[in-house]
Every structure is written in structure tokens, then in C-alpha cells.
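Below are the chains, spelled out letter by letter.
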Amino acid sequence: MQQLRIWLFLFTLLSTVLSVESQTRFVDPIFDSISVKTYTYSLIAGKSLKLDIYTPLNDNMEKRPLFMLIHGGGFKYGKRNDKGLVNLARNITKKGYLVVSVDYTKLPKNKSFGCNMSKDFILQTIRNATHDVTKALLFLVKYKNIFGIDDSKIILTGSSAGAEIGLNLTYNKNQILSPYYVSDIPEIAAVVSISGAILDAQFITNTNAKPGVFYHGTKDPIIPYGDGVHHNCKKNQKGYLTESGSKAITDALKKQNSSYLLYSYVDRGHDIFNLPYEDLHQAFVFLRKVLFDKGFHQGVRFR
């Protein structure tokens, strides 16, 4: 009986070890507990802009990749601690990342973001939000030793408006940011975008062709899937603005021989935000292969 107990103990111990070893950092959840702390990174006209930092507990890694979440909401709605974003942040943190969810300046309640507003107003709205996120990045990098950040591996993630911010910051920063911020902004290592676009994919070169994972509906009427018009505005409307969506971005990355993964949701619109688990999981498989293991991947998957 005593010998049986010993064998059972050893079997249980071995099973636990194998289970832990079968989990891959940055892909699978390997931490059970996390901490969340809130910081003010900027003060604008007396209003504070905040960010939340999620850190895995009992982690021996001193510097972790930074995974920044930028909320969507048409530049008018959404916040860093929306319930769905909190759940996403916690799940990503358990994979071993340091995750930051950030607020940024949004439109006032009496303003809308569409074809009835001028092109200049739309561009300035995007610029204002992108400047805020840049300030957040500068704040994080300034205190990177305190927060335990590996600033050579910064990943920007967003949906809709948040994706536009992250993508423009990565691929069109010279067109969207003031020169002051362009010179100071830390290098972005990769992006994950849901229904996002940039001002123009022609500005993607071999110097800024960063790897990315892209999810987009092929018939998105708000943010174009390829080269198209923001909010599907007509040429005679004030808000007529052309953009380059996920398909146009990945075509440019392909020309620059950069890694990418594009999920094209056939005949879907601007409604793909609740991604299937497997589709989202593949983003972390991609990042592990390309960013951490220095591999290469180009692929398009239709859903």
C-alpha cells in the first residue's frame, strides 16, 4: 500500500510537470495570478489620462514584452477598463506579457465622427488620439525599469478606432504625428489589428514594415478592407477620406517581404469583434514564431 501511494504521488508530480512544460510562454496561459495598477500618464486641460498596467505575479522574467491595448468606439465611446477589455487584458497577461490598457482623448458629446464632419476634423481627431497613445508609450518607456518592460518588444493592439491609432503609429507615424513625437517614439515591434486602417499603405517601406496580424470583414462599410473610403462617404461629402485597410496593408507588407497573417471574414462588415477563440489564439502563435523565435510567416485565411 505504501509503495502504491509513492507511485501515485510520483505519477501526479510528473503529470503536473509535463502539464506545465507543455504550456508555451506568450502563447498559453501559464500564470494564475496578476496585479493591476492604474497610473496617470498625462494631464490635458485639467483632465487626467490614465492607463492600467497588468503584471503576472510570481514571474522570474525581469523584463517582459509590452502588449498595449487601445480601445475602439469611433473616437467617441469606449474606455480602458470596459469589461470586455479587462477580460482580454487579464487573459493576455496570463500568457506572460506585461499588458497596458490605455485611455485617450475622445470627441465631445456634441460631436460626431462621420461624413458630415470635415476631412481636417477627422484627421485631427485621429492625430489627437494618436498623440495621447504616444505620450503613454513615452511614459512607459521612461519608467521601463520600474515596470519591468522590454521596450524592444512593444506590440500595439486595437479594434476599429483603436486599431487605426495603433496602425498609423506603426506604419504612418510621419504622416500622423508631429515631428517632435516622431523623433522620440519608441520602435513598435508588431501589431494586432481588428478592423483597422492607415492613412496610406504606400508609406510602408522596408524600414517600417513591422509584422502584424489583421482581422477584417471584406464588406466593412466603416473602415475599408482594402483601399477605400472611411465611413463609405461620397466624394461630395465633407468627410470624404481615403484609407488603406487590412488587405492593402498586408499587400504592402508582402512586397517588403515582412511577416503577416490576415484573417478575411467573407461578406462580413464592421461586426467581427467577438473573434473565435482559435482565430485570436493564432495571433499569439504568430507572435511567438515571428517576434520571439525570429521566424517568418505570410498567410491569408478566409472565414
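Shown above is the structure to which this text applies.
Everything numeric in this text was worked out from a predicted model, so none of it was measured.

Student: Can you help me understand the layout of surface pockets in this one?
Tutor: Any space left empty among the atoms is revealed by the rolling of a water-sized probe across them. For the largest pocket, the calculated volume is near 720 Å³. If you trace the largest pocket, you find 31 residues lining it, with Gly-84, Leu-88, Ile-194, Phe-273 and Leu-280 closest to the centre. Secondary structure elements with two or more residues in the lining of the largest pocket: β3 (64-70), α2 (83-93), β5 (149-159), β6 (190-194) and α9 (277-292). Residue composition of the lining of the largest pocket, grouped by class: 17 nonpolar, 11 polar and three charged. What the second largest pocket holds in volume is close to 250 Å³. Forming the boundary of the second largest pocket are Ile-44, Ala-45, Lys-47, Ser-48, Leu-49, Lys-50, Asp-103, Tyr-104, Thr-105 and Lys-106. A total of four residues in the lining of the second largest pocket trace back to one element, the largest contributor, which is strand β2 (residues 47-56).

Student: Looking at this structure, I do not really get helix α5 (residues 161-171). What am I missing?
Tutor: The α-helix winds at 3.6 residues per turn, so residues separated by three or four positions along the chain end up facing the same way. Of all the 11 residues making up α5, 11 are buried; the element is thus mostly covered by neighbouring parts of the structure. For α5, every residue scored as buried is listed here: Ala-161, Gly-162, Ala-163, Glu-164, Ile-165, Gly-166, Leu-167, Asn-168, Leu-169, Thr-170 and Tyr-171.

Student: Which parts of the structure should I look at to understand the sheet that holds strand β7 (residues 197-198)?
Tutor: The strands that make up a sheet are held in pairs by hydrogen bonds between backbone atoms, and each pair lies either parallel or antiparallel. In space, the three strands of this open sheet follow the order β7-β10-β9, with antiparallel pairing throughout. The open sheet has two edge strands with one neighbour each: β7 and β9 (227-229). Pairing geometry for β7 and strand β10 (residues 242-245), over two bridges, is antiparallel. By the bridge assignment for β10, Ile-198 is matched with Ser-244. Packing of helix α8 (residues 246-255) onto the sheet brings it into contact with β7, β9 and β10, and relative to β10 it is tilted by some 65°.

Student: Please explain empty space enclosed by the protein as it appears in this structure.
Tutor: Overall, the coordinates contain one cavity of 30 Å³ or more when judged by the stated rule. Of the pockets and cavities examined, the largest cavity occupies roughly 40 Å³. Forming the boundary of the largest cavity are Ile-70, Leu-156, Thr-157, Gly-158, Gly-162, Ala-163, Gly-166, Leu-167, Val-191, Val-192 and Ser-193. When contributions to the lining of the largest cavity are tallied by element, the ones reaching two or more residues are β5, α5 and β6. At four residues, α5 tops the list of elements feeding residues into the lining of the largest cavity.

Conventions used here
Residues numbered from 1 in each chain as written. Predicted model: local features only at pLDDT ≥ 70, side-chain atom pairs only at ≥ 80, totals over all residues. Heavy atoms only, no water. 1 Å grid on protein atoms, 1.4 Å probe; cavity = no way out; pocket = protein on both sides within 12 Å on 5 of 7 lines; lining within 4 Å. Points joined across faces, edges and corners; volume = space filled by probe spheres on them. Helix = DSSP H or I, 4+ residues; strand = E, 2+ residues; numbered from the N terminus. Nonpolar A, V, L, I, M, F, W, Y, C, P; charged D, E, K, R; others polar. Buried < 20%, exposed > 50% of the residue type's maximum accessible area, 1.4 Å probe, protein only. Pairing = 2+ DSSP bridges. Contact = heavy atoms within 4.5 Å. Axes fitted to C-alpha atoms, helices over the stretch in contact; angles between N-to-C directions.

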